[in-house]
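Summary of the model geometry
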Amino acid sequence: MYRLAHLTDPHVGPISRPRLRQLLSKRATGWMNWNRGRRLRHDMEVLEGLVADLLAAEPDHIACTGDLCNIGLPSEWGTARIFLEALGSPEAVSFVPGNHDAYVRGSLDGLLDAVGPWTRDDAGRAQVFPYLRRRGPLALVGLSSAIPTAPFVASGRIGGRQLVAAEALLGSLAREPERPCRVVMIHHPPHLGGAQPGRNLTDAGAFEAMIRRVGADLVLHGHNHVGSVAFVIGPDGRRVPVIGAPSASARGGTLAHCAGWHLYGFERTETGYAVTALLRGLTPEGRMGELGTLLLRG
């Protein structure tokens, strides 16, 4: 059985004090929000314990679906790279960016310059989305929904070019004689109703239409900071699971908002792939442990 770990939204801190000129943008409100409470909700000791728990499970590969950064400061880009290095090599870890990684114009380019190797596709290209990475029985397809937005807006967009390329890629994979298990990675919930307006993927309808035409086997996302299970319709009416993971650093007030990560197992069968999903994270006792399984059939 091939095993894939998924974590998201670590919001790695602490943040160094910005220079005044760096606050002449959306970063001003982000810096205020960080100091008013977000720095307490995202606990680096919790994140350290979660990463240790994840690595102890010895997964075959790790998917990280965005929000390494908080307000897109240049000082955060090196910290983000250190975090990914702690997770594993670029060959062992796949990354797609989130809205906090593209907090202001230029932030995403700076981050990807630092962590580009973790986005390198099988052809050796980095920082190009969608990308394809084949790992064991999996075909990992990385999409970017990260765009700079106005203050108090956290929406995302895939865009027409990416959607066309993703459809061609997923369709080609589906036609291979030994069809791989197609796992799509994206930050924002890519289904309609997956997040509130202002936080949603603005072209979620186009994503759903694309999946309806060419399909996928599993879609992984973050952004909402809670674990979630939804389904979109694939070819022939087959339901494709869309799974959101909690923030990897959240010390929340409820179990649903506490730090967690998912461990998937993939096994080839006569008709495709059997997929299992285990949730691990911060227990009510304040330690990392097993929190149950996820139902992946609708």
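Residues numbered from 1 in each chain as written. Predicted model: local features only at pLDDT ≥ 70, side-chain atom pairs only at ≥ 80, totals over all residues. Heavy atoms only, no water.

Within the chain, the regular secondary structure consists of six helices and twelve strands. What you see for the chain is a C-alpha radius of gyration of 18 Å, in line with the 19 Å of a compact globule of 298 residues. Along the first, second and third principal axes, the C-alpha atoms of the chain reach 60 × 45 × 35 Å. By the burial criterion, 59% of the 298 residues in the chain qualify as buried. A separation threshold of at least 6 residues defines the contact pool for the chain, and within that pool the share at least 24 residues apart is 67%. Total accessible area on the chain stands at roughly 12,700 Å², and carbon and sulfur atoms take up 53% of it. Charge-centre separation for the chain: the mean point of 32 positive side chains lies 7 Å from the mean point of 27 negative side chains. (Helix = DSSP H or I, 4+ residues; strand = E, 2+ residues; numbered from the N terminus. Rg over C-alpha atoms; globule rule 2.2 N^0.38 Å. Buried < 20%, exposed > 50% of the residue type's maximum accessible area, 1.4 Å probe, protein only. Contact = heavy atoms within 4.5 Å. Areas by Shrake-Rupley, 256 points an atom, 1.4 Å probe, with all protein chains shown as cover. Lys, Arg positive; Asp, Glu negative; His and termini not counted. Charge placed at Lys NZ, Arg CZ, Asp CG, Glu CD.)

Turning our attention to the pattern of salt bridges. Tallying each qualifying case throughout the model produces ten salt bridges. Taking the shortest distance from any N to any O, the salt bridge between R134 and E176 comes out at 2.5 Å. Linking R134 in strand β4 (residues 131-135) with E176 in the loop between α5 (160-174) and β6 (181-185), this pair joins segments that are 42 residues apart in sequence. A relative accessible area of 23% means that E176 is categorised as partly exposed. With a closest N to O distance of 2.9 Å, R179 and D217 form a salt bridge. On the criterion of sequence distance, the pair formed by R179 in the loop between α5 and β6 and D217 in the loop between α6 (204-214) and β7 (218-221) is long-range, its members being 38 residues apart. One continuous salt-bridge network, built from bridges that share partners, spans R179, R182 and D217. (Salt bridge = Lys/Arg side-chain N within 4 Å of Asp/Glu carboxyl O.)

On to the nonpolar core. Counting residues in each nonpolar core, the largest one holds 55 residues, and the members touching the most others are L7 and Y264. Setting aside anything within four residues of it in sequence, one finds Y264 in contact with Y2, R3, L4, H6, L218, L220, I243, V275, T276, A277, L294 and L296. In this structure, L173, L201, A204 and A216 belong to the second largest nonpolar core, which totals 24 residues. (Core = buried A, V, L, I, M, F, W, Y, C linked by side-chain atoms within 4.5 Å.)

In spatial order, the strands read β4-β5-β6-β7-β9-β8; together these six strands make up an open sheet with mixed pairing. What marks the edges here is a single partner per strand, and that holds for β4 and β8 (228-233). Between one strand axis and the next, the sheet turns through 25 degrees on average, direction left out of account. Bridge count for β6 against β7 is three bridges, and the pairing is parallel. Looking at the pairing, M185 lines up with L220 of β7. (Pairing = 2+ DSSP bridges. Axes fitted to C-alpha atoms, helices over the stretch in contact; angles between N-to-C directions.)

This brings us to the pairing of strand β1 (residues 2-7). Extensive coverage of β1 is indicated by the burial of five of its six residues. Of the strand pairs in this sheet, β1 and strand β10 (residues 260-269) are connected by five bridges, and their pairing is antiparallel. Note on β10: the bridge partner recorded for Y2 is F266. Across four bridges, β1 lies against strand β2 (residues 61-64) in parallel orientation. What sits directly across from L7, in β2, is C64.

Here the focus is unusual backbone geometry. For the bond running from F129 to P130, omega is 0 degrees, close enough to zero to count as cis. With respect to the helices and strands, the residue P130 is situated in the loop between α4 (107-115) and β4. Within the chain, Q127 stands out as a residue other than glycine whose phi angle is a positive 65 degrees. With respect to the helices and strands, Q127 occurs in the loop between α4 and β4. Under the relative-accessibility criterion, Q127 is labelled partly exposed at 34%. For H225, which is not a glycine, the phi torsion comes out positive at approximately 65 degrees. Since its relative accessible area comes to 17%, H225 is described here as buried.

In short, shape yes, function no, at least from these values alone.
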